[in-house]
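# What the coordinates show
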Amino acid sequence: MSIIRFIGIGVHYVVNTFLALFLGGMLFLVVILLRDGEVPIPSFLVDTLDEELADQGFRVEFDRLQLDLRGIIFAHSTQIFAEGNTDPLFESDLMLVKFSIIRLLVGEFTPSEISLADAALYCPAVISPSGQREPMVHNLYINARRQGQDWLLDTFILQMLGARVHINGNVFTPLPGMESKSHDKKLNIDGLYMEICRSLIELQEPFSKIEDLILRIELSGERKAPLEILAQVYMSGFFDEATKVKLGAGSSRLRAKLGVDGILRPDGLGQVSLNSLQWQDDVETGFSEAHVRLDNGLDGFTSMPLAAEIYSYNIKAWGLPFDGAFGSLNLRDLKSTGTIKGHIILKSGLNWLAVDGPFHPKDESGSLNIRARWNPTFFLQSTEIPAEDIPTDISIAGRPYWKASVDFLPGLKPRNSQFDVRFNQLNYHQLHLEAARVKGRITEDEIELYSVDLYARDYAVKGNYQQQFSTGNYRFQAKGTVWPSDLNIFIPDQWWKDLWADFTFNQTPPEAEIDMSGQYGANGAKNKIYGSAKLRDVKYKDDPIDMARSRIWQNVQHLDLFDFNVETKDGRAAVELHWEYLPNGENDYISFLARTHLPLLQGANMAGPSVVPIAKKFPSDEIPYLDLAGIVYGEHSIHADDLYVKGSVFFPGPFEFEDVRFDNGSFLFELTPEQIKVSQGRLGLGGGKTALYTVVQRQPNGGLYVENAKISIIDAKLYGLYEAIPFLRVARAKQEALERIKAAKKARSDKDNDDDDDDDKAPRTFEERYAGDVKLFFDTHGQLPDLNTFSGSGTLVLTDANLGQLHLLGGLSSFLYSIGLHLGTLNFTNAQTDFTLARSNLNFPNGQVSGATGEIVTNGNFNIDQESLDFLISLHPFGNMETPIFDEIFSIFSPLANSIEVQLTGTLTKPDYEVSVKPMGVFFGQAKVENLNADVIPPLKKKPNQATTDKSSQ
């Protein structure tokens, strides 16, 4: 036992001695450290650090490395180099590491605090854009303290890409989800660093556009729980010279969690705010905000968000003020398919527009649905519209409803896009619509409005429109009731306004169809218009029209108005008009066809003011039938102002021309710049038939020369001619005036009325006194209107007349009364004569008046201007006569051989005569009065003496 005890005491002594020596040595060491303050760095720390860096291709150099006995390592002027490079990638003025001395003595190095001052990270020269080493991160300050197994970041400040970064908070190691990570595979820090540098180089240009960018990150959390991250970004402004995008001050805020599974997840929505946004000089906004949802994982934070909600207020775009824009975007498929889905609402006052559907921003394609309640006049405020193009007289009530489905090919080219627009109360110029609806589609090739419905207070129109984008070719069709003036905005040409200028509409708008085509933007150079119209209860130049209808065809070269039918209460008309244009747009000519059965003045008024004076020359209560065909050249044509007309006229009843009263008539006429021709004239005159043919040459000085005029009258009644022909009406009036004077004288005399038995038996009615059938043939020519220039010849035949009652021989009647020979007793019933006309003188070479008991032969001249007479008149009685005074004289000669001759001179109103008896005058014939027309018209061949012929035949 004693031995055992001795051994125990010895061991106890030895141990106590060792401990005493150890404590003494430690005390000695403490004294030394307290005097100097530092000791050399343990070699195993330096070796460990060198080995770790060497494995990654780096090496480290220090100006001075110190170990403070308080458990602090100081590294002065630290530099880290990539293998093979002489320029450091990392530099730091001072690095401080605190640790436990006790743990270090047992070989365990566990830092409790790390600080880094004025550090910088550099881009290697080999990948630097300048070819020189340049800092990527600078002014880096870090201070981190360990609390248990957590790290508290008191300071983490750096500058890079012009931005300042501040990080603080607490973290713990290993980070959530890192416990199970394998450490067998070492990171390629060198390669990772180079990639980081390249990324930062790419970001230099966009980040240079940002002013005063600040990033703040706060970290918090507990061990075995997700690490909470709050990131906030601030900037003073942004400007991109290329796009002219300018942003005001802005900020963003995002919360995220690093889960225990190592996945970084957003915690709620991220928020981005901007005080203002401006694009070029066209778009600017006030406050804007976006709430975004990010995907999980680091890639999700660096790529586009999954979703976003955007709000923007006080927007002004192209001069248009908007209250705001609001939207929700689904960006989940943006990375994989490049597609954005969602909806956006744009609002201004009570106006709103909503857009939804997928869109591909990269190639500007997509499929969008659009709905809106928006007044289109709002967009007229746009600064993109030239002031001269903004209509000042347009208004639309309320907020029209718009709906569209638009498919865009790349480049925003529309394809199979459908739209539907409805609005009320549209007023534009003279167009006043109660409601309208337009349906259509847009493709990459064309726009088509396949249904256009327009409703006004008193009419409705349906139509469609189609236009090719590549060629500009378009086609517009419409059908309905519409006021023509409302189409002025679609047909702005002057001819359209002129066409309707003389129409006055009552309560009923025209029914119309129109088909218009051409090339958009060609200023009408390729326009074509086809249409039809039906009008009721209108006035044309103040003439009422019950109904009118027409079709129209127009292009740049011509305009046709065809199947133009007019009906009035008095008649109808059918007209076709053709306008031909010169290349400069001036009128070349107008051609026309017309068939009318209208009152002549009414038809002339419709035709134009130049026709009215012509129509007034044919007064009539009858409605004529008129056929016309002609052409009128314009003032700029090669045939300037020339007129060519052919036509026919038929008056079924009485009409007048130059005071000549016709019973009826028809004729053909032709008018050219050289002549006027009337042919196939078949006129009713004085109860008979008149044929007319004339050719009038038009002279350069405006005069008219009658080249040939042929007139024939057959079976006309003498009393009818006295009624129809002006100078005969005058002659009748004069004769009747003389007879009234004579009757008055006889009434005052005491003369016995027994001698007037024959007069009492004479017919007294106008028709009886002026009975007889007339035939006239006349051929003449001369210069209008001077009758003195006319010359010609003709024949006049009168049959079955009461010539004894005409008292044409004036004083001869009184002489015959004195010898008991009354003209009535002679019973003259027939007359005929040839005649010529020259210098206003009528020459009658062979006048003959005959009856059953006698004959009058005459020749001589009558001056029309002076009404002067120069005639020889011979009377040849044939029997049944009581001649008491000349009984003895006539007993010597047969009375059949004697003649009574009158020399008639003076004027029609004051005739002078000399009566004589010419024995055997029937055998010797009548002397001839000088033919004053002989030098102009050769005398007619002498005919055998009628009396001689009769005598020989007996």
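Note that this is a predicted model, so its numbers are computed, not measured.

## Remarks on the overall build of the protein chain
Per the secondary structure count, the protein chain includes 18 helices and 54 strands. In the protein chain, which comprises 954 residues, the share counted as buried stands at 39%. Put simply, the protein chain shows about 53800 Å² of open surface, and 57% of that area lies on carbon and sulfur atoms.

## Some remarks on the pattern of salt bridges
In total, this model carries 21 salt bridges according to the counting rule given. Across the pair R441 and E446 runs a salt bridge whose closest N-O atoms are separated by 2.9 Å. Among the salt bridges present, the one from K462 reaches D453, with a minimum N-O distance of 3.1 Å. Here the salt bridges share partners, and the residues they tie into one network are E205, K209 and D240.

## Points about the packing of aromatic side chains
Tallied over the full model, the rule gives 24 aromatic pairs. Seen in terms of ring centroids, Y465 and Y474 are 6.0 Å apart; in terms of plane orientation they differ by 25°. Their pairing is stacked. Accessibility expressed as a relative area gives 18% for Y465, which makes it buried. Classification of Y474 by relative accessible area gives buried; the value is 12%. With a centroid separation of 5.5 Å and 35° between ring planes, the pair formed by F778 and F835 is classed as tilted. With a gap of 57 residues between them, F778 in strand β47 (residues 773-784) and F835 in strand β49 (residues 828-838) connect regions that are remote in the sequence.

## Some thoughts on helix α11 (residues 726-748)
Between its first and last C-alpha, α11 extends 34 Å over 23 residues, near the 33 Å set by a 1.5 Å rise per residue. Turning to α11, its buried residues are L728, R732 and Q735. Each element contacted by the buried residues of α11 is listed here: α10 (718-724) and α13 (766-769).

## Side note on a positive patch on the surface
A contiguous patch of positive charge, built from R373, R399, K403 and R422, is present on the exposed surface. With respect to the helices, strands and loops of the structure, R399 is situated in strand β27 (residues 394-409). Judged by its relative accessible area of 35%, R399 falls in the partly exposed class.

## Things to note about the nonpolar core
Within the largest apolar cluster, 55 residues are counted, with the highest numbers of intra-cluster contacts made by L433, Y459 and W495. Among the elements that line this core, the one with the most residues is strand β35 (residues 528-540), at 5 residues. In this structure, L671, F778, F871 and V902 belong to the second largest nonpolar core, which totals 51 residues.

## Topic: helix α8 (residues 600-607)
Regarding α8, the residues found buried are Q602, A604 and M606. Residues of α8 that are buried make contact with β35, β36 (543-555), β37 (558-567) and α9 (612-616). Remark: G608 follows α8 within two positions and exhibits a positive phi of approximately 145°.

## Examining the side chain of S365
Tracing the chain through its elements places S365 in strand β26 (residues 365-373). Taking relative accessible area as the criterion, S365 reaches 7% and is therefore assigned buried. A distance of 2.7 Å separates the side chain of S365 from the side chain of D363, its partner in a polar contact. Apart from residues lying up to four places away in sequence, S365 is in contact with F359, H360, F408, L409 and P410.

## Brief notes about unusual backbone geometry
The step from L784 to P785 runs through a cis peptide bond, and the omega angle for that step is 0°. One non-glycine residue, D212, adopts positive backbone phi at about 50°. Inspection of the secondary structure puts D212 in the loop between β10 (210-211) and β11 (213-220). Notably, R839 is not glycine yet its phi reads approximately 50°, a positive angle. Along the chain, the position of R839 falls in the loop between β49 and β50 (841-851).

## Quick look at the environment of Q848
Mapped onto the secondary structure, Q848 falls in strand β50. Residue Q848 is classed as buried on the basis of its relative accessible area, which comes to 13%. Taking the C-alpha atoms as reference points, Q848 and T833, separated by 15 residues in sequence, lie 6.2 Å from one another.

## Side note on the confidence of the model for the protein chain
Low-confidence regions, as indicated by low pLDDT, have predicted coordinates that should not be scrutinised in detail. Chain-level pLDDT for the protein chain is 78 on average; 81% of the residues reach the 70-or-more range. Taken together, the stretch residues 28-35 has pLDDT below 50 and engages in 4 contacts with residues farther than four places along the chain or on a different chain. pLDDT under 50 marks residues 879-897. Its contacts with residues more than four places away, or in other chains, come to 26 contacts.

## What about the pairing of strand β44 (residues 675-685)?
Here 8 bridges tie strand β43 (residues 660-671) to β44, and the two strands are oriented antiparallel to one another. Bridge assignment links L668 to a residue of β44, and that residue is S679. Connecting β43 to the antiparallel partner β44 that follows it, the hairpin turn spans 3 residues. Connecting the antiparallel pair β44 and strand β45 (residues 688-698) is a turn made up of 2 residues, with G686 showing a positive phi of about 60°.

## Here's the deal with the pairing of strand β34 (residues 511-519)
As judged from the 9 bridges shared by strand β32 (residues 473-481) and β34, these two strands associate in the antiparallel manner. When the sheet's bridge partners are listed, T481 is paired in β34 with E511. In terms of strand pairing, β34 meets β35 through 7 bridges, oriented antiparallel. Across the sheet, the residue bridging to A512 is A533, located in β35.

## Here's the deal with the environment of L213
By secondary structure assignment, the location of L213 is in strand β11. Counting along the chain gives 22 residues from L213 to M235, while the straight-line C-alpha distance between them is 4.4 Å. Contacts of L213, omitting those with residues within four sequence positions, involve G162, A163, R164, F207, V233, Y234 and M235.

## Looking at the side chain of S712
Residue position: S712 is located in strand β46 (residues 704-717). Taking the relative accessible area as the measure of exposure, S712 reaches 15% and is therefore buried.

## Quick notes on the environment of L598
Here L598 lies in the loop between β39 (587-597) and α8. The class for L598 is buried, based on a relative accessible area of 3%. Measuring from C-alpha to C-alpha, the distance between L598 and R572 comes to 5.8 Å, with 26 residues separating the pair along the chain.

## Some words on the state of the cysteines
Every disulfide links exactly two cysteines, by a covalent bond between their sulfur atoms. Under the definition given, this model contains 0 disulfides. You can see C123 has no disulfide; the closest cysteine sulfur is in C197, sitting 4.8 Å from it. Judged by relative accessible area, C123 falls into the buried class, the value being 0%. Given a relative accessible area of 2%, C197 falls into the buried group.

Thresholds applied
- Residues numbered from 1 in each chain as written.
- Predicted model: local features only at pLDDT ≥ 70, side-chain atom pairs only at ≥ 80, totals over all residues.
- Heavy atoms only, no water.
- Helix = DSSP H or I, 4+ residues; strand = E, 2+ residues; numbered from the N terminus.
- Buried < 20%, exposed > 50% of the residue type's maximum accessible area, 1.4 Å probe, protein only.
- Areas by Shrake-Rupley, 256 points an atom, 1.4 Å probe, with all protein chains shown as cover.
- Salt bridge = Lys/Arg side-chain N within 4 Å of Asp/Glu carboxyl O.
- Phe/Tyr/Trp six-rings, centres within 6.5 Å; stacked < 30°, edge-to-face > 60°.
- Expected span 1.5 Å × (residues − 1).
- Contact = heavy atoms within 4.5 Å.
- Patch = residues over 30% accessible without salt bridge, like charges linked within 9 Å, V, L, I, M, F, W, Y side chains within 5 Å.
- Lys, Arg positive; Asp, Glu negative; His and termini not counted.
- Charge placed at Lys NZ, Arg CZ, Asp CG, Glu CD.
- Core = buried A, V, L, I, M, F, W, Y, C linked by side-chain atoms within 4.5 Å.
- Polar contact = N/O pair within 3.5 Å; in protein donor to acceptor, adjacent residues only side chain to side chain.
- pLDDT = per-residue confidence, 0-100.
- Pairing = 2+ DSSP bridges.
- Disulfide = S-S within 2.5 Å.

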